[in-house]
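Now for the letters of each chain:
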Amino acid sequence: GDSVTQMEGPVTLSEEAFLTINCTYTATGYPSLFWYVQYPGEGLQLLLKATKADDKGSNKGFEATYRKETTSFHLEKGSVQVSDSAVYFCALPTGNQFYFGTGTSLTVIP
Amino acid sequence: NAGVMQNPRHLVRRRGQEARLRCSPMKGHSHVYWYRQLPEEGLKFMVYLQKENIIDESGMPKERFSAEFPKEGPSILRIQQVVRGDSAAYFCASSLQGSYNSPLHFGNGTRLTVT
């Protein structure tokens with residue numbers, strides 16, 4: 001069935017470092033792809049999405065490009081901040097639900 | 001402009017008791033999803049409901065768990081005779097349309113602890 005495989009964490013970076021969190025997907029057809037972020041003690045928030053191949057989603061300095069040829073949707077940010085410390089989930093809709101990756105915990109240290 | 005509201009935020013139950021978790025979707029949303037998150041794990045789908053209908057309950061344990069979304073009022077996830085393994089964070093999400101291009105909006109969850 002449709003699924004996503006997400007880079008395992010945890011990831012620890014210094015402030016202003018470059019971030020990449022890998023996500024690859026398996027899907028029949030071409031679903032929209034999503035990144036969600038979860039801050040401690042909170043629910044998931046939509047970070048960005050892309051609806052078709054070659055689309056780039058972006059928000060708050062984060063970007064991800066929907067690449068059909070490599071079935072990937074990697075999350076990137078050029079310069080992370082301490083406030084970006086959170087857990088990041090890649091997701092895709094499948095059937096009647098969303099399938100979420102296992103999450104990648106990011107800690108940014110000053 | 002309220003988002004998805006879940007209550008209670010924290011719930012402590014002794015083994016064998018019942019737990020009731022409530023979720024009010026975003027205004028105008030008629031699609032509700034329940035997910036469970038165990039410590040250090042991702043989110044696992046439990047059930048998808050529309051008003052008065054269960055559309056997909058393939059992720060729900062066959063016993064002790066039930067969900068409803070009545071015509072009036074919040075969606076309820078009910079766990080009867082709780083056991084320690086039910087301790088988890090339970091998240092509700094709503095969407096304007098069913099899935100595909102319509103993102104999910106999550107509540108802040110109910111953290112259930114079974115003692």
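See the structure above.
This one's a predicted model, so the numbers in the text were calculated from it and none came from an experiment.

## Quick word on the sheet that holds strand 7 (residues 56–59) of chain A
All names here are of chain A.
Inference 1: Pairing is antiparallel in the open sheet, where four strands are placed in the order 3-9-8-7. Taken across any chain shown, the strands that pair with only one partner, and hence form the sheet edges, are strand 3 (19–21) and strand 7. In this sheet, neighbouring strand axes are inclined to one another by 20° on average, regardless of whether the strands run parallel or antiparallel.
Inference 2: Sheet analysis places strand 3 next to strand 9 (residues 75–77), joined by three bridges and oriented antiparallel. For Ile-21, the partnering residue across the bridge sits in strand 9 and is Leu-75.

## Considerations on the state of the cysteines
Inference 1: Scanning the model with the defined rule gives two disulfides over all chains in all.
Inference 2: Note on cysteine connectivity: Cys-23 of chain A is disulfide-linked to Cys-90 of chain A, with sulfurs 1.9 Å apart. Here the disulfide of Cys-23 of chain A and Cys-90 of chain A is left-handed, its torsion about the S-S bond being about -65°. Of this pair, Cys-23 of chain A sits in strand 4 (residues 23–26) while Cys-90 of chain A is found in strand 10 (residues 86–94), placing the two residues 67 residues apart along the sequence. For the residue pair Cys-23 of chain A and Cys-90 of chain A, the accessibility class agrees, reading buried in each case.
Inference 3: Across the disulfide, Cys-23 of chain B is cross-linked to Cys-92 of chain B (sulfur-sulfur distance 1.8 Å). Because the torsion about its S-S bond is -55°, the bridge between Cys-23 of chain B and Cys-92 of chain B counts as left-handed. Of this pair, Cys-23 of chain B sits in strand 3 (residues 19–24) while Cys-92 of chain B sits in strand 9 (residues 88–95); the two residues are 69 residues apart in sequence, bridging distant segments of the chain. Neither residue differs from the other here; Cys-23 of chain B and Cys-92 of chain B are each classed as buried.

Thresholds, definitions, all that
Residues numbered from 1 in each chain as written. Chains lettered and ligands numbered in written order. Predicted model: local features only at pLDDT ≥ 70, side-chain atom pairs only at ≥ 80, totals over all residues. Heavy atoms only, no water. Pairing = 2+ DSSP bridges. Helix = DSSP H or I, 4+ residues; strand = E, 2+ residues; numbered from the N terminus. Axes fitted to C-alpha atoms, helices over the stretch in contact; angles between N-to-C directions. Disulfide = S-S within 2.5 Å. Buried < 20%, exposed > 50% of the residue type's maximum accessible area, 1.4 Å probe, protein only.

Everything listed here is a matter of coordinates, which is why it stays silent on function.
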